[in-house]
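Fold and geometry: a report
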Amino acid sequence: NTINAVNNSIAETIAYDSSYTLPVVVIVQGHGSEVFPCSVNWSPNTVDTRKVGETTYTGTLVMPAGYVNLNNVQATITLTVLAQPVITASSELSSQRIYLNEDPAPVFVEASVTEDKTITYQWSARIDDVETPMPEVTGPIYDPPVSTTPGTVYYNCVIASDNADPVTVLAG
């Protein structure tokens, strides 16, 4: 029995740094309409989902007993890895002189990300060398409470999105 074709010529587009595993079995067509599963060895044998652009993986068929691949038919998968999302962020850094028991103005960041991803925000406050996360603050605007701590307070916002490098912005 000989192999006529492989019906697993695949072209896919995947996200940067996503998970993708090459199949270990493909479906091949034998003589006439006979189809059956066949093991395959890929070259290259792993997928680098951080390599942006198109890569073609070629599979050598491991023939089951009684079958011969006279035409050297191979499986192919062409993967296109999209560009890594990029976060662009800014803040109108404002320096406020606030006296104890005064109410500071809100601080905010503006951010966008490519690839239509969702943005997340995580704020923290730094006094001297002590950074204190504020897990309850998850939006682009933070309205600090009335000042009860003497000294300078810096507000940082870490902006993140799937598969993008996070960006930290000093907001106030």
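Just above, that's the structure.
Residues numbered from 1 in each chain as written. Predicted model: local features only at pLDDT ≥ 70, side-chain atom pairs only at ≥ 80, totals over all residues. Heavy atoms only, no water.

1. Here's the deal with the sheet that holds strand β11 (residues 130-134)
With antiparallel pairing, four strands are arranged side by side in an open sheet as β11-β10-β13-β14. A strand with exactly one partner marks an edge of an open sheet, and here the two such strands are β11 and β14 (167-170). Here the average twist between neighbouring strands, direction ignored, is 25°. Sheet topology places strand β13 (residues 153-160) next to β14; four bridges connect them, and they run antiparallel. Looking across to β14, one finds that I159 is bridged to V167. (Pairing = 2+ DSSP bridges. Helix = DSSP H or I, 4+ residues; strand = E, 2+ residues; numbered from the N terminus. Axes fitted to C-alpha atoms, helices over the stretch in contact; angles between N-to-C directions.)

2. Observations concerning the pattern of salt bridges
Inspection of every chain in the model, using the stated rule, returns two salt bridges. D17 is paired through a salt bridge with R50; the nearest N and O atoms lie 3.1 Å apart. Of this pair, D17 sits in the loop between β2 (10-14) and β3 (25-29) while R50 sits in the loop between β4 (35-43) and β5 (53-62); the two residues are 33 residues apart in sequence, bridging distant segments of the chain. Here R50 falls in the exposed class, since its relative accessible area comes to 52%. For E131, the salt bridge identified is with R126, shortest N-O distance 3.7 Å. The exposure class assigned to R126 is partly exposed, which follows from its relative accessible area of 27%. (Salt bridge = Lys/Arg side-chain N within 4 Å of Asp/Glu carboxyl O. Buried < 20%, exposed > 50% of the residue type's maximum accessible area, 1.4 Å probe, protein only.)

3. A short note on the environment of T76
Locating T76 in the fold gives a position in strand β6 (residues 74-81). The class for T76 is partly exposed, based on a relative accessible area of 27%. Separated by 95 residues in sequence, T76 and A171 have C-alpha atoms that sit 50 Å apart.

4. Overview of the environment of G59
Note that G59 resides in strand β5. Using a relative accessible area of 0% as the deciding quantity, one classes G59 as buried. Remark: the alpha-carbon pair of G59 and W42, spanning 17 residues in sequence, is separated by 4.2 Å. When neighbours within four sequence positions are excluded, G59 is seen to be in contact with V40, N41, W42, Q74 and A75. (Contact = heavy atoms within 4.5 Å.)

5. Observations concerning unusual backbone geometry
In this structure, P44 follows S43 across a cis peptide bond, with omega equal to -10°. With respect to the helices and strands, P44 occurs in the loop between β4 and β5. In this structure, D128 takes a positive phi of about 60° despite not being glycine. Among the secondary structure elements, D128 is positioned in the loop between β10 (120-127) and β11.

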